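# Descriptive analysis of the structure
Read off the chains here:
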Amino acid sequence: LYGLWRLLNALLEPFPARREPLVELVYQKRSLARGPRVVAIGGGTGQSTLLRGLKELSSNITAVVTVADDGGSSGKLRQELGVPPVGDIRNCIAALADAEPAMGSLMQYRFPASEAEPGVAGHALGNLLIAAMADITGDFEEGVRGANRVLAVRGQVVPVAGEALNLSAELADGTTLQGQSRIGRSRGIRRVWLSPASIEASHEAVEAIGSADLIVLGPGSLYTSLLPSLLVPGIRAALEQASGLRVYVANVATQLGETEGYTLSEHVAALSAHDVGHLVDVVLANDDTTARVPSGYPAEPVRIDLPSNDARPRLEMAAVVDPDNAHRHDPQRLTQALLRLLDERPTARPVSPVRTA
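Reference entry: report on the structure contained in this document. (Residues numbered from 1 in each chain as written. Predicted model: local features only at pLDDT ≥ 70, side-chain atom pairs only at ≥ 80, totals over all residues. Heavy atoms only, no water.)

## Regarding the overall build of the chain
For clarity, the cut-off: Going along the chain from the N terminus, every DSSP run of H or I of four or more residues is numbered as a helix, and every run of E of two or more is numbered as a strand. Accessible area is worked out with a 1.4 Å probe on protein chains only. A residue is then buried under 20% of its type maximum, exposed over 50%, and partly exposed in between. In this analysis, two residues are considered to be in contact whenever any of their non-hydrogen atoms come within 4.5 Å of each other. In these tables, accessible area is a Shrake-Rupley quantity obtained with a 1.4 Å probe, and a residue counts as shielded only by the protein chains included in the view.
Across its full length, the chain holds 14 helices and 12 strands. When each of the 357 residues of the chain is scored for burial, the buried share is 51%. Pairs at least 24 residues apart make up 71% of the contacts formed inside the chain by residues separated by at least 6 positions. Within the structure as shown, the chain displays about 16700 Å² of accessible surface, and the carbon and sulfur contribution to it stands at 54%.

Set out below in C-alpha cells:
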C-alpha cells in the first residue's frame, strides 16, 4: 500500500493541480469535455479575458486570432523572421493554459534591454517560443498547433490565416494608412481592408465555426482586432453558413484613437459598413453602471443607444463589466451572460444566404 501511494504521487507529480483529489480532476475533465462548442473570434486583451472565463465552462473552445499586428515584439519578429505576428496568439494560449497564472507569467515575460543580448531585448518569451515552433515544423499553423500541445491548453488556439495580414484604412478626410499600429492610433476611420484580399482562411477555424454551438465576436479593438478576422473571405463565408448563435460582445469602453467617442450604435454601424453586420444575431452590452472608473484614463464607457426590440441584431443587456474596472470585462460575468443567451436561444434560425460583394 505504501508503494502504491508513492507510485501514484510519482505519476501525478507533473500535473499542476495534483493536490486536488484524483476523482475531482477526472470529473472536471469529463465535465468540461461535455461543454458547448464555442468559437471566439478577435484578438487583443479582450479575447484573452473572454477565454479565461470560457475555459471554466468547456474544453471545446477554439480561439480564432487575428494576425495583422505589426508593432512591438510581434512586429519585429514579422520583419526579422518573416513569421506572422504571434502576440495575440501568445495571449490566448496563456489564457487557456491549465496552469494559467504561472504559465501566463512565463509566456508574458519580456527580456530586458541588454547590450550583451540585443537580439532578444524587448521580446516576449511566448513570442519566441511560437516562432521557434513554427521554424522547427516549417509551417506557421503547425507551429501554433505544437505550442497548443506543449502548453496543454483547454481547447485550441488557431490563427485566422496561415500568413500575415496587411491592414489598410481610409480616414474620413480621405487619408490612407497602412499598418495596424498606425490605424489603431487614428481617429475618424471610415473603412479598413486587407491585402492580399484573397487570403486563405485557416481550415481549422472554418471547421470550428461550422460545428459551433456559440460563436463570439469580440470583445476587442473594433478596426484592428475584430474586423481583420471577419474580413477574411473564408471566415465570413463560414459565419454566413453557421448554425450556431452568433453574439457580438460590445466593448464596455471606447478606445483612444479608433473608437474614441463611439456609441454602441456606431460600433454596430461599423460592422454593417464592412458588410459583416448581418453576421450578428445578438449584441451583448453592459448595463452595470456602478463599476469603478479608473482615474486619469481618458476613455469613457460606451453609451448604449441601440433600441431594445426583436429586430436583428437583438440587443441583450447584462452586468458583464469588472466591478473594479469599468473599462474591462469580467471573465466570469461575461461567460455566464453568454451561457444564458445560449440556454435561452429559441428554435434554430435559418442559415443565412451567401452574400457577395
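## Notes on the environment of Ile61
With respect to the helices and strands, Ile61 occurs in strand β2 (residues 61-65). The exposure class assigned to Ile61 is buried, which follows from its relative accessible area of 2%. Put simply, Ile61 and Leu51 are 10 residues apart on the chain and 8.4 Å apart in space, counted from C-alpha to C-alpha. Apart from residues no more than four positions distant in its own chain, Ile61 is found in contact with Val38, Leu51, Leu54, Lys55, Leu96, Arg154, Gly155 and Gln156.

## Some words on the pairing of strand β8 (residues 245-249)
Quick reminder of the rule: Should DSSP find at least two bridges between two strands, the strands are taken to pair.
Burial runs high along β8: 5 of the 5 residues are buried. Of the two faces of β8, the one lined by Leu245, Val247 and Val249 and the one lined by Arg246 and Tyr248 are each fully buried. The pairing of strand β7 (residues 214-217) with β8 spans 4 bridges and is parallel. Opposite Leu214, over in β8, you have Leu245 as the bridge partner. Relative to strand β9 (residues 282-286), β8 runs parallel, the two being bridged by 3 bridges. Its bridge partner being in β9, Tyr248 is matched across the sheet by Val283.

## Side note on the packing of helix α7 (residues 125-137) against helix α8 (residues 140-150)
Each pair of packed helices gets described by two things: the angle between the helix axes and the distance between those axes. Inclusion rule: In this analysis an axis means a line fitted to C-alpha atoms, helices contributing only their contacting stretch, and an angle means the value between N-to-C directions, from 0 to 180 degrees. When describing relative orientation, an angle under 35 degrees is termed roughly parallel and one over 145 degrees roughly antiparallel, while 65 to 115 degrees is termed roughly perpendicular and anything else oblique. If you view the pair so one helix is near and one far, a crossing is left-handed when the near helix is turned anticlockwise from the far one by less than a right angle, and right-handed when it is turned clockwise. Residues were grouped as follows: Ala, Val, Leu, Ile, Met, Phe, Trp, Tyr, Cys and Pro as nonpolar; Asp, Glu, Lys and Arg as charged; and all remaining residues, including Gly, as polar.
Between α7 and α8, the shortest axis-to-axis distance is 7 Å and the interhelical angle comes to 120°. Classified by the angle between their axes, α7 and α8 sit oblique to one another. In this structure, α7 meets α8 at a crossing whose hand is right-handed. Between α7 and α8, the residues in contact are Ile130, Met133, Ala134 and Thr137 and Phe140, Glu142, Gly143, Val144, Gly146, Ala147 and Val150, respectively. Here the residues of the contact of α7 with α8 sort into 7 nonpolar, 3 polar and 1 charged.

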